[in-house]
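# Summary of structural features
Here is how the chains run, residue by residue.
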Amino acid sequence: MYRILGKKAYKHWLNKLIVWRIARIPEKQFIYILSLIVGVVSGLAALALKNLIHFIAGQLTSWFDSDSISYLYLVYPLVGIFFTALFVRFIVKDNIGHGVSKILYSISRQNSRLRRHNTWSSMIASSFTIGFGGSVGAEAPVVLTGASIGSNLARLFKLNYKYITLMIGCGAAGGIAGIFNAPIAGIVFTLEVLMLDLTMAHLIPLLISSVTATILSYFFMGEGVLLRFSLVNDFNVDNVWFYILLGIFSGLVAIYFTRMTMFVESRFKKIKSWGLRLLLGGIVMGVMVFVFPPLWGEGYTGIVTIFNGQGNELLNNSMFFSWKNNEYLIVLFLAGVLIFKVIAMAATTGSGGVGGIFAPTLFMGAVAGFFFAKFLNISNSVMLPEDNFALAGMAGMMAAVMHAPLTAIFLTAEITRGYDMFIPLIITSTAAYLTIMRFEPHSVYTKQLAKSGDLITHHKDKAVLKLMEVRQLIETDFEELSTGATLGDLVKAISHSKRNLYPVVDPNRVLHGMVKLADVKNLIFEQELYDKVKVKDLMYMPEHYISPTDTMEKVAEKFESSGRYNLAVIDNGKYLGFISRAVAFSKYRKMLQDFSNE
């Protein structure tokens, strides 16, 4: 657009469009229109990425024989990570990994601003990574893409932080709904995982975006959803205790998932050379996929295989193909898949690949549920429906890893059409969530952000504090005194000031101290001292002060710890003004009211 119109012309027509919009379209209606646009674009992005990944993967593996080992599994992941790393390093020139965490950070510390390249860069990079067998998912890149579309469109039309954040949620909901054909899950994911504290009025734009993206997905893909689940065995109340045990087991596996992910990625970060990281990660991935072919790509093919009652086919293309008819060896193989899937995923992202944990979480959940049921079945103690437990395992694993039980329940039910399994999904998800919360208070998305203090949660007060800026609260109506001022000058300042603090500032605006009225009230009637007593003998340097770069959370902490009602704002030694506790609190109450009134 810049090249066609020129920068000045582009800005001119954009400003005219914004003025016309403000004059002709009420704000609420415009938000609905914008959420529809965001839903369309994020839905198309989800479709494009899903088809691109499947096209690449299909071209690379469609000709493999199931009963033979393919040594290309050793090479493909390295090639994919290599292309991804080159694209990110020399074209994007920015870190685009961990899409959900990046969104949470932008909401917390960047006023919900996501860079323009995030509208396309994650899609291209993840298609290389996943299409060539990287053991990660496409959902996080899609969510980041949709969120970036929402953020940039909202900023284009000069919307405020609240609505920019809402459009981020609309984009994320549209991305999830589009890739899974799951509108309810898209909304719940936005509210539960992105932790947006939105009012009921904001649910309408989320619904619009989510449903729009889902309709697009249906229009272009029909019933070709990622996963299909046919309920063969009805829910048996007698199995309730086993679903509880599965939830606990899923929670324990999720603890391993979270901690191993952090451990492996931290080890890769310590490797300074990007080329060495890439080579090591590609080799690790290649070897693991060669030994355990189900680790290839997102893992949805493996989940469908389990749902179809053909779990033994997970051993196809592997050196363990001869184990297919031995139930005990199949269980051993599944245990290996559970152990090494996390390492393969973390090696992919740690070495420079781009993708998310969404699909790996679902895959591990299905394998964990299948493993759990098969292990008990071959012990001849019970006969559990293995496909039902695989489905419940998906919900349990997602609930624990993402700390999102509602998302797990609705997403699993929607994408598999397993609505008759709601009760076991709820039981397993709840048990898994309670299990991991005992050991991990933060999800894999928020763990690092929480450690660095860069996380806004559902607490509305923290969101409001983030919206407040120190510079907007600075008061400058304090009478200033020069460093050479006398008591007489101070008395003149007192006579026409409404304040009880008097900053002492030199010509360069450097603060040398301040005088408090309470400290000099016994001197102001001693006229014989007016020319004798210097202000520098009466002033003191404040122990507590504020920097204009401080966050409002830090300002609130300083008011609390100091017990002061006014704090000076000093920027590199230079005096800017004061912030009063009363004004800050009044502004907070006003913004909290605006934030809630919709």
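The structure contained in this document is the topic of the report that follows. (Residues numbered from 1 in each chain as written. Predicted model: local features only at pLDDT ≥ 70, side-chain atom pairs only at ≥ 80, totals over all residues. Heavy atoms only, no water.)

The next thing to look at is the pairing of strand E2 (residues 511-516). Across a regular strand the side chains alternate sides, sitting on one face of the sheet and then on the other. The pairing of strand E1 (residues 501-505) with E2 spans five bridges and is antiparallel. Bridging across to E2, Tyr502 finds its partner in Val515. Joining the antiparallel neighbours E1 and E2 is a turn of five residues, in which Arg509 adopts a positive phi near 70°. (Pairing = 2+ DSSP bridges. Helix = DSSP H or I, 4+ residues; strand = E, 2+ residues; numbered from the N terminus.)

On to the pattern of salt bridges. A full pass over the atoms with the stated rule returns nine salt bridges. Residue Lys374 pairs with Glu386 through a salt bridge whose shortest N-O separation is 3.5 Å. Here Lys374 is found in helix H15 (residues 358-378), whereas its partner Glu386 is found in helix H16 (residues 386-401), with 12 residues between them in sequence. A relative accessible area of 6% means that Lys374 is categorised as buried. Residue class for Glu386 comes out partly exposed when judged on its relative accessible area of 24%. In this structure, the salt-bridge partner of Glu475 is Arg499, at a minimum N-O distance of 2.4 Å. One end of the pair, Glu475, is in the loop between helix H21 (470-473) and helix H22 (487-495); the other, Arg499, is in the loop between H22 and E1, with 24 residues separating them in the sequence. (Salt bridge = Lys/Arg side-chain N within 4 Å of Asp/Glu carboxyl O. Buried < 20%, exposed > 50% of the residue type's maximum accessible area, 1.4 Å probe, protein only.)

Take a nonpolar patch on the surface next. On the surface, a nonpolar cluster with roughly 620 Å² of combined accessible area is contributed by Tyr71, Leu74, Val75, Leu276, Leu279, Ile283 and Val287. Within the secondary structure, Leu276 sits in helix H12 (residues 274-291). (Patch = residues over 30% accessible without salt bridge, like charges linked within 9 Å, V, L, I, M, F, W, Y side chains within 5 Å. Areas by Shrake-Rupley, 256 points an atom, 1.4 Å probe, with all protein chains shown as cover.)

This part is about the nonpolar core. Ranked by size, the top nonpolar core spans 107 residues in total, and within it Ile103, Phe180, Phe358, Leu362 and Tyr445 carry the most contacts. Top contributing element to this core by residue count: H15, with 14 residues. If sequence neighbours within four positions are ignored, Leu362 has contacts with Phe180, Tyr300, Ile303, Met394, Met398 and Ile415. (Core = buried A, V, L, I, M, F, W, Y, C linked by side-chain atoms within 4.5 Å. Contact = heavy atoms within 4.5 Å.)

Below, the discussion takes up helix H17 (residues 405-416). Three or four residues apart is the spacing at which side chains of an α-helix point the same way, because the helix has 3.6 residues per turn. Between its first and last C-alpha, H17 extends 17 Å over 12 residues, near the 16 Å set by a 1.5 Å rise per residue. Burial within H17 is extensive, with 10 of its 12 residues counted as buried. All buried positions along H17 are accounted for by Pro405, Thr407, Ala408, Ile409, Leu411, Thr412, Ala413, Glu414, Ile415 and Thr416. At its buried positions, H17 is contacted by helix H8 (161-180), helix H9 (183-192), helix H13 (300-307), H15, H16 and helix H18 (422-437). (Expected span 1.5 Å × (residues − 1).)

This part covers the packing of H16 against H18. Two measures define how a pair of helices packs: the angle their axes make with one another and the distance between the axes. Where H16 meets H18, the closest approach of the two axes is 8 Å, and the angle between their N-to-C directions is 35°. The handedness of the crossing between H16 and H18 comes out as right-handed. Every residue of H18 that contacts H16 at Leu391, Ala392, Ala395, Gly396, Ala399, Ala400 and Val401 is listed here: Pro424, Leu425, Thr428, Ser429, Ala432, Tyr433 and Ile436. Of the residues assigned to the contact of H16 with H18, the class counts are 11 nonpolar, three polar and no charged. (Axes fitted to C-alpha atoms, helices over the stretch in contact; angles between N-to-C directions. Left-handed = near helix turned anticlockwise from the far one by under 90°. Nonpolar A, V, L, I, M, F, W, Y, C, P; charged D, E, K, R; others polar.)

Across all of its chains, the model carries 25 aromatic pairs by this definition. With a centroid separation of 5.8 Å and 50° between ring planes, the pair formed by Phe83 and Phe128 is classed as tilted. Of this pair, Phe83 sits in helix H4 (residues 76-92) while Phe128 sits in helix H6 (residues 121-131), placing them 45 residues apart in sequence. For Phe83, a relative accessible area of 36% gives the class partly exposed. Put simply, the rings of Tyr76, Phe82, Phe83, Phe128, Phe132 and Trp296 touch in pairs and so form one group of aromatic residues. Lying across the ring of Tyr565, Arg581 places its NZ or CZ 5.2 Å from the centre. (Phe/Tyr/Trp six-rings, centres within 6.5 Å; stacked < 30°, edge-to-face > 60°. Lys NZ or Arg CZ within 6 Å of the ring centre and 35° of its normal.)

To continue, consider the side chain of Ser122. Looking at the secondary structure, you find Ser122 in helix H6. What makes Ser122 buried here is its relative accessible area of 0%. With near-sequence residues (within four places) excluded, Ser122 lies in contact with Ile96, Pro141, Leu144, Thr145 and Val354.

The subject of this paragraph is the pairing of strand E4 (residues 566-571). Strand direction decides the pairing type here: strand E3 (residues 545-546) and E4, joined by two bridges, are parallel. The partner of Tyr545 across the bridge, within E4, is Ala568. For the crossover from E3 across helix H24 (residues 552-562) to E4, the handedness is right-handed. Inspection of the sheet shows E4 paired to strand E5 (residues 574-580) by six bridges, in the antiparallel sense. Residue pairing in the sheet places Asn566 in a bridge with Ser580 of E5. Where E4 hands over to E5, the hairpin turn is made up of two residues, of which Asn572 adopts a positive phi near 55°. (Right-handed = clockwise from strand over helix to strand, strands pointing away.)

Once that is clear, we can look at H15. Here H15 is 21 residues long and its end C-alpha atoms lie 30 Å apart, about the 30 Å a rise of 1.5 Å per residue gives. Once H15 ends, the next one or two residues include Asn380, with phi positive near 65°.

To continue, consider the side chain of Thr486. Tracing the sequence through the fold places Thr486 in the loop between H21 and H22. Under the relative-accessibility criterion, Thr486 is labelled buried at 11%. Look past the residues within four positions of Thr486 in its chain and what remains in contact with it is Tyr530, Asp531, Val533, Lys534 and Val535.

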